[in-house]
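This is what each chain is made of:
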Amino acid sequence: MNFFQIGEFFRFYGAAITKYQLHSPFVFELACAVLEDERWFYAFRDVEKVREKMLSSDVAVSVVDFGTGGEHEKLPVEKKRSVRSIARQAGSSAGQGQMLFRLATHLRPNTMLELGTSVGIGAMYLASAQREARLVTLEGSPEIAHIARMNLDLLGLAKNVEVREGPFEHTLSSGLQELQQLDFVFFDGNHRSEPTLRYFEECLAFAHEKTVFVFDDMHWSQGMAEAWQKIKTILA
Ligand SMILES: C[S@@+](CC[C@H](N)C(=O)[O-])C[C@H]1O[C@@H](n2cnc3c(N)ncnc32)[C@H](O)[C@@H]1O
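Residue indices begin from 1 for each chain and proceed along its sequence in written order. For this predicted model, a pLDDT threshold of at least 70 governs which residues receive local features, and a threshold of 80 or more governs which side-chain atom pairs are given and counted, while totals over whole chains, interfaces and linings are taken from all residues.

### Here we look at the site of the ligand
Using the following cut-off: To decide nearness, the C-beta atom of each residue is placed from the backbone, and the residue is near a molecule or strand if that atom lies within 6 Å of it. The helix and strand labels rest on DSSP assignments: H or I over at least four residues marks a helix, E over at least two residues marks a strand, and numbering proceeds from the N terminus. For this scheme, ten residues count as nonpolar: Ala, Val, Leu, Ile, Met, Phe, Trp, Tyr, Cys and Pro. Four count as charged, namely Asp, Glu, Lys and Arg, and the remainder, Gly too, count as polar.
In the neighbourhood of the ligand, 22 residues make up the surrounding shell, with F66, S92, G116, G122 and G140 lying closest. Mapped by element, the contributors of at least two residues to the shell around the ligand are helix 6 (121-129) and strand 4 (134-139). A breakdown of the residues in the shell around the ligand according to their chemical character gives seven nonpolar, 11 polar and four charged.

### Focus on helix 7 (residues 142-154)
To keep things clear, this is the line we draw: Each residue after the first adds 1.5 Å to the expected span of a helix. Residues are called buried when their C-beta atom has 20 or more other C-beta atoms within 10 Å, exposed when it has 12 or fewer, and partly exposed otherwise; all C-beta atoms are positioned from the backbone. We call two residues in contact if the C-beta atoms placed from their backbones are at most 7 Å apart.
Taking 1.5 Å as the rise per residue, helix 7 with 13 residues should run 18 Å; its terminal C-alpha atoms sit 19 Å apart, in good agreement. Looking at helix 7, one finds that the buried residues are I144, A145, I147, A148, R149, N151 and L152. Looking at the packing, one finds that the buried side of helix 7 touches helix 3 (42-55), strand 1 (60-65), helix 4 (83-89), helix 6, strand 4 and strand 5 (161-165). Positive backbone phi, approximately 70 degrees, marks G156, located one or two places after helix 7.

### Structural notes on the domain arrangement of the protein
Going by this rule: An automatic or database domain assignment provides the domain bounds reported here.
Segmenting the protein into domains produces domain 1 (1-36) and domain 2 (40-235). Inter-centroid distance (C-alpha atoms) of domain 1 to domain 2 is 22 Å. Every contact between the two is made by seven residues of domain 1 and, on the other side, nine residues of domain 2. At the level of elements, helix 1 (3-15) and helix 2 (25-35) are the ones that each hand at least two residues to the side of domain 1 that touches domain 2. Examining the composition of the side of domain 1 that touches domain 2, we find that four residues originate from one element, helix 1, more than from any other. The residue makeup of the side of domain 1 that touches domain 2, split by class, is five nonpolar, one polar and one charged.

### Topic: helix 8 (residues 168-179)
This is how the line gets drawn: An arc is given here, and it is the one of the directions from the helix axis to the C-beta atoms.
With 12 residues, helix 8 should cover 16 Å at 1.5 Å per step; its first-to-last C-alpha distance of 15 Å lies within 8% of that length. Every buried residue of helix 8 is accounted for by F168, L172, G175 and L179. Axial view of helix 8: buried residues confined to an arc of 75 degrees, hence all on one face. Along helix 8, the residues that are exposed and aim more than 90 degrees away from the buried face are E169, S173 and Q177. Here the buried face of helix 8 lies against strand 3 (111-115), strand 4, strand 5, strand 6 (182-187) and helix 9 (193-204). A positive phi of about 70 degrees marks Q180, the residue just after helix 8.

As structure tokens, this is what we get:
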């Protein structure tokens, strides 16, 4: 955590409200279903077994990184990384994955879109919560996309999940055209404000009144915090 993120944590904590202060019944129910559900599912064990397997892998893959850097970093950057280090750093944690699972279990979306697949941890949690739903997940790094497909296949989830390879600039609009209507979107692929807002606005055109957008890392940097404020204003 850097100083900005520590500051954001305290700002967020200071302004946080309890579920009893929520006015919308939809949001109240969502908060209870996601934050208070303590049930354990076999899917959690299955996904974590796949993660464990990757954590013991020394295989090195070529990674095209499009957006984990700062606002002004030159992109994209290509480098070699071990599957172990990608699984350790880039994927959703078990807690985050379980939250995605609970969200999808509660909301029961028919269509889901994920921007940023990495090795497929988030996608495995989402797809195992809603096996009949269609999930399109976008990944810029071909070798990482390949690992994600193998992982989804291992859990028998490949049938309804499509991992699309290439920069979001190339894959997002065709993914949206294919899904037509978005019930659930997980933005987890870029840590810069301008592209995040652009992808959000592109997705908004395919949303309906019950669509849920989940954003990761909105307190990552000044730019992302500003993007988050703009998103809230657009949706208000
Ligand atoms: C944080 S990881 C995704 C983790 C995953 N959502 C999960 O829950 O396990 C972000 C991924 O997004 C991909 N990515 C970032 N910016 C991208 C872009 N502009 N186009 C395509 N892929 C991108 C990166 O290659 C990386 O694998």
